[in-house]
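These are the residues of each chain, in order.
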Amino acid sequence: MKIRNRFSISKTGFLSLCVAASMAQAQNSSNLEEEVLVTGYRASLLNSTAAKRNSVGFSDEVFSDDIGKMPSQNLAESLSRIPGVRIEREVTGEGQQISVRGLGPEFTKVVMNGNSISVASDGSLGSGQKGRQVDLDMFPPELFSSLAVNKTSSAQQVEGGVSGYVNMRTIRASDMGDGSHFRVGLEGAYNEMSGETSPKYSFMYGYDTEKFGVLAGIVGKNSKSRTDGFESVGNYQDGCVAHWYDAVDDDDQPLGRKSGCIGNTEGREGYYQSTGANTFNYTDIATADYAAAHPGVNVGDQLDLNAVSGLTDEQLDNMKLPYIGRPMYTYGDRDSLSMILSAQFRPNENIEASLDILRAEADRSFVRNELVNIYRRNYLQYGLAWIPENIQLNDDGVVQSGTFYNNRAWVGSRAYEEELTYTSIMPSLHWQISDVFVMDLSGSRTESDFDRDEPYLLYYSAPGVMTHDYNSKMPTVTHSVDVASAGSGWTFGAGPGTEGDAYQAGDFRFQRNARTTETTSFKADFALGEDADISGIKFGVHWDENISDTTGFTGGDDWNNRVRTSDLNDNFANYVIDSPITDLTGKGVKGIASVNWGAVKDAVDYDNFVPDSSAGGDQFGSTIGDIEEKIFAVYVEGNSESEVAGRPFRTNFGVRLVDTEQTISANGLTKTSDYSRILPSFNAVYDVTESFKVRGSASRSLTRANPSSMFPSAAWNGSGVDEVAVGNYQLQPFESTNFDLGGEWYFGDLGYVGLNYYQKDITGFVKPRDRQIPLNEVQAAVEALGYDFEVSEDSLTDIQLAAVADCGGIEEGTCMTNISDDVNIEGVTTLTGWEAIWVMPLDFIVQGLGFNASMNKIDQDASDPDGEIFGISDTTNFTAYYENFGFQTRVTYTLQEGTETGGGWSPLLADDRAQLDLSASYDLPMFSDYNVTVSLDAYNLTNEPMRSVFESDGNTFNLRYPGATYTLGIRASF
């Protein structure tokens, strides 16, 4: 089956068509003399400009006219034009989270209607995050009236965001106007990669009077997506030439023929002594495919690997390949449904009571297949060792191209089923008690549940010739066997080799995890003064309780026995099906054979299997556990307005005292911690002239540590003995001292230019710590961190025992294990940056023409080298628009510059990424009473990939192509 279809109009033609239509509309309308109403995108810019002009601190706001129109697919996309805001994307290319001023999403406090929220989803595919990030793709923009981003703190704000504070305000009946109002919309989004169309519908009704208002809305969408790419699991690893030897136990009793690297095997004098990690195995014994390609060579002949590979012994032993490098694809769909209900009651002009309820659901089903052409444990004893030929190395000893004989592709197939729900109930009361005294009471309760089922099946192709070429953005991998088609050559396991009887059993992993989050809050805010936001005192009490429970499920011995006794072992080829993707991106393989997941599950009676709760981590290597936080805060702030040199001068100053109690549990252990912090803040703005403002700010802010780093636990990470993940329950919060200075020059109601400088001095930053030690020292090292931990034959699984045997045994000191934990870093990391924004109407050229542009330049200086912050990058955003006489079009260009994204085992860089989006709409004049608008939008027109590379040489580490998306829609309001 071929999933991608051709789209009938080219991207260049599409862009030209919209621009030409814009110019024609402008020309035809140039001589009309009538009042032009400011609506749509220009209206949203006008509202944003007014909000910024009236603010005291450094803030930006996006209003509903903007976020309700494509190409802003969701709330994350809607915030991209704000300077200092960077989008974190899902593998499908859709914006999922935001980062503010260089720091990651977990450093941005996201609230809804001023109240704390939590979404139980775990981030992008394969990340398994369980921190404080909020996935914004859960919320459709149609249900919100505005998004406010505060980059500086005030005492009234809920703490938790070192980098920023984002308030998402849900829509109410009063936002739609007096009387009855309907809004309806219907869209179809065509994705180039999947070749399918995703429908979306929305309906909203609002009724508002002087006394009462009610609103109800619903948004539903079925998203179909496909992503092609290449990925690696870890850094470059080396290999060795493996040889057969007679193995014996500690009592010199024979164990049969085994294979191993010369440096790790006794009694092999005269051979090159191998060094390094030796993750991969090579062989100098001719295999059938090698002999077939080389006349005169017979199967079993000993080869001169130096001549065959073109490498010296030292080069051959140290040549590097990416750890589990693999072409991949995913395809599937996501059904989402969001509903909102809002009620407002105003018994008199001094009191307003409101209730806002939001419910969101998302079910996701998709398959991911990976062609692991370079993998660990391709041991000679299983008949998996390769013969490398014509190897070309780069200056770092990395294989840039080469041919590998006797390569059995190791395919991994995963069938994901995900369910996510979110519910929030937020009552509030506003009471103008007197002319100078106001009380605001609000409460909030949110619940979110996430369940993911991810069975992972791995299987082998027939042996053949694999070529690997790293000289392009998408690494080129080819196989002489047809890895895209079903056939008799597919097997569940591998082995034995030409000697011995060792067999690599099939691998079918049971992977399931769940997460539940709850937030409960109460806020009592008071204001003293006729207009306390301008001149007066504000004070209040806030209480929050945040709960996050994570659970992992494992198959255990019962699952392994079920797999071993199933039909998969003897008749696995019957379960393999042709690749559903036949046009995989790149010059290499065009598909990856999949499995009939229904038949596979029936073979092991999957639906009736009852798993055990995991005592360690989940399939992502994250420790699982529960955390409960009780937070009590009091604050007071003062606002003043005066004159300096005859010009207005406004200030906001305050202090927030916050106490945090944490109860953290994992693996039957419970730990508690308690800390208090004082967070002062000061903001000021001075009107130098009527159109020129200067701002300044100073504050302290905090972000609490990631719960998944604090769970009191020590557990193996993965199926082998490669890593132990340890939680640090004593982590302290991140704290930052912040300084901002800037200003804006306004020309008219819409246009302005702004420039800001900011500095953040961050302490308590958390960094991962990795220590590679011999396996026989792991138990003592983990116990020194305060945990009971055992490393013995009795405590290890069968898979772990096999891995230990392959590398020499527990006590030999040849098996290496990484101990990974998180620690607070001593010293200060200073972030400094510049933000610029330019909103420019060009009505003097063409009525309705204009642009807005923003940029953020950021740098860092860490007093401790280990305090370097990964992921910070410069961003640029430019939007050109035309809007007049019912026609609107805009083109948006977003550039996110490359940045270092990880350290430790895999130092990586993210590539520069530029994305081009386009939106066009037209108000149909024949249906003017119903405000009917048709729209045509294009997202990621150039199919820009998301790519990260090895810092050492620039070769691809991860690469994903999400495809371009074209959306045709119609909406009406009346």
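Residues numbered from 1 in each chain as written. Predicted model: local features only at pLDDT ≥ 70, side-chain atom pairs only at ≥ 80, totals over all residues. Heavy atoms only, no water.

Under an unreviewed UniProt entry, the name given to the chain is TonB-dependent receptor, and the organism recorded is Teredinibacter turnerae. Check the Subcellular location (unreviewed entry) section of the UniProt entry for the chain; it says "Cell outer membrane". In UniProt, the chain has this text filed under Sequence similarities (unreviewed entry): "Belongs to the TonB-dependent receptor family." (UniProt positions renumbered as here; feature names shortened; annotations may be inferred.)

For the rest of this paragraph, the subject is a negative patch on the surface. On the surface, a cluster of negative charge is contributed by Asp-335, Asp-363, Glu-417, Glu-419, Asp-449 and Asp-451. Among the elements of the structure, strand S20 (410-434) and strand S21 (437-453) are those that each provide at least two residues to the negative patch. Structurally, Asp-335 can be placed in strand S16 (residues 326-348). (Patch = residues over 30% accessible without salt bridge, like charges linked within 9 Å, V, L, I, M, F, W, Y side chains within 5 Å. Areas by Shrake-Rupley, 256 points an atom, 1.4 Å probe, with all protein chains shown as cover. Salt bridge = Lys/Arg side-chain N within 4 Å of Asp/Glu carboxyl O. Lys, Arg positive; Asp, Glu negative; His and termini not counted. Charge placed at Lys NZ, Arg CZ, Asp CG, Glu CD. Helix = DSSP H or I, 4+ residues; strand = E, 2+ residues; numbered from the N terminus.)

The next point concerns the packing of aromatic side chains. Scanning the entire structure with this criterion turns up 39 aromatic pairs. Counting every residue linked through ring pairs, the aromatic cluster contains Phe-508, Phe-510, Trp-559, Trp-597, Tyr-606 and Phe-609. Here the guanidinium or amino end of Arg-101 rests over the ring plane of Tyr-758, the centre of that ring lying 4.1 Å away. Above the ring of Tyr-456, the side-chain terminus of Arg-414 is found at 3.8 Å from the ring centroid. (Phe/Tyr/Trp six-rings, centres within 6.5 Å; stacked < 30°, edge-to-face > 60°. Lys NZ or Arg CZ within 6 Å of the ring centre and 35° of its normal.)

Quick look at the environment of Asn-306 now. Within the secondary structure, Asn-306 sits in helix H7 (residues 305-309). Residue classification places Asn-306 among the partly exposed residues on the basis of a relative accessible area of 31%. Counting along the chain gives 111 residues from Asn-306 to Gly-195, while the straight-line C-alpha distance between them is 48 Å. For Asn-306, the contacting residues outside a window of four places in its chain are Leu-311, Thr-312 and Asp-313. From its side chain, Asn-306 meets the backbone oxygen of Leu-311 in a polar contact 3.0 Å long. (Buried < 20%, exposed > 50% of the residue type's maximum accessible area, 1.4 Å probe, protein only. Contact = heavy atoms within 4.5 Å. Polar contact = N/O pair within 3.5 Å; in protein donor to acceptor, adjacent residues only side chain to side chain.)

Here the focus is the sheet that holds strand S14 (residues 280-282). The strand order across the open sheet built from three strands is S13-S12-S14, with neighbouring strands paired in mixed fashion. Since the sheet does not close on itself, it has two edges, and those belong to strand S13 (254-261) and S14, each with one partner. Strand-to-strand, the axes of this sheet are offset by a mean angle of 50 degrees, without reference to chain direction. Where strand S12 (residues 239-248) and S13 come together, seven bridges link them in antiparallel fashion. The residue of S13 that forms the bridge with Val-248 is Pro-254. (Pairing = 2+ DSSP bridges. Axes fitted to C-alpha atoms, helices over the stretch in contact; angles between N-to-C directions.)

Looking at chain direction, strand S32 (residues 647-666) and strand S33 (residues 669-687) are connected through 18 bridges and run antiparallel. Across the sheet, residue Ile-664 finds its bridge partner in S33, namely Lys-671. Turn length for the S32-S33 hairpin, with the two strands adjacent in sequence and antiparallel, is two residues, and the turn residue Asn-667 shows positive phi of about 55 degrees. Here S33 hands over to strand S34 (residues 692-703) after four residues, the two strands then running antiparallel side by side.

Attention now goes to the pattern of salt bridges. Counted under the stated rule, the structure contains 44 salt bridges. The closest approach of N and O atoms between Glu-159 and Arg-704, which form a salt bridge, is 2.9 Å. With Glu-159 in the loop between strand S6 (144-150) and strand S7 (164-170) and Arg-704 in the loop between S34 and strand S35 (714-716), this residue pair connects regions lying 545 residues apart in the sequence. According to the relative accessible area criterion, Glu-159 is buried, its value standing at 7%. The salt bridge involving Arg-226 is made with Asp-228; its shortest N-O contact spans 2.7 Å. Residue class for Arg-226 comes out buried when judged on its relative accessible area of 1%. Salt bridges sharing partners connect three or more residues here, namely Glu-231, Arg-326, Arg-368, Glu-370, Arg-414, Glu-454 and Arg-960.

For the rest of this paragraph, the subject is the sheet that holds strand S36 (residues 723-726). Spatially, S35-S36-S40-S39 is the arrangement adopted by the four strands of the open sheet, whose pairing is mixed. Taken across any chain shown, the strands that pair with only one partner, and hence form the sheet edges, are S35 and strand S39 (766-774). Between one strand axis and the next, the sheet turns through 25 degrees on average, direction left out of account. Inspection of the sheet shows S35 paired to S36 by three bridges, in the antiparallel sense.

Looking now at unusual backbone geometry. Cis geometry marks the peptide bond from Gly-495 to Pro-496, where omega comes out at -5 degrees. Mapped onto the elements, Pro-496 comes out in the loop between strand S24 (476-479) and strand S25 (507-509). Even without glycine at this site, Ala-645 takes up a positive phi of about 55 degrees. For Ala-645, the position within the fold is in the loop between strand S31 (626-644) and S32. The exposure class of Ala-645 is exposed, given its relative accessible area of 72%.

Counting 37 residues, the largest nonpolar core has Leu-79, Met-112, Ile-117, Leu-136, Phe-139, Met-168 and Tyr-422 as the members making the most contacts within it. In contact with Leu-79, other than residues within four places in its own chain, are Val-62, Val-85, Ile-98, Leu-136, Leu-147, Val-149 and Val-166. Ranked by size, the runner-up nonpolar core spans 30 residues in total, among them Phe-230, Tyr-236, Tyr-282 and Leu-303. (Core = buried A, V, L, I, M, F, W, Y, C linked by side-chain atoms within 4.5 Å.)

Among the residues making up helix H12 (residues 798-806), those that are buried are Gln-800, Ala-803 and Val-804. Projected down its long axis, H12 carries its buried residues within an arc of 100 degrees, all on one side. Looking at H12, the residues exposed on the side facing more than 90 degrees away from the buried face are Asp-798 and Ala-805. Close packing links the buried residues of H12 with S35. Gly-808 sits one or two positions beyond H12 and adopts a positive phi of about 120 degrees. (Arc of directions from axis to C-beta.)

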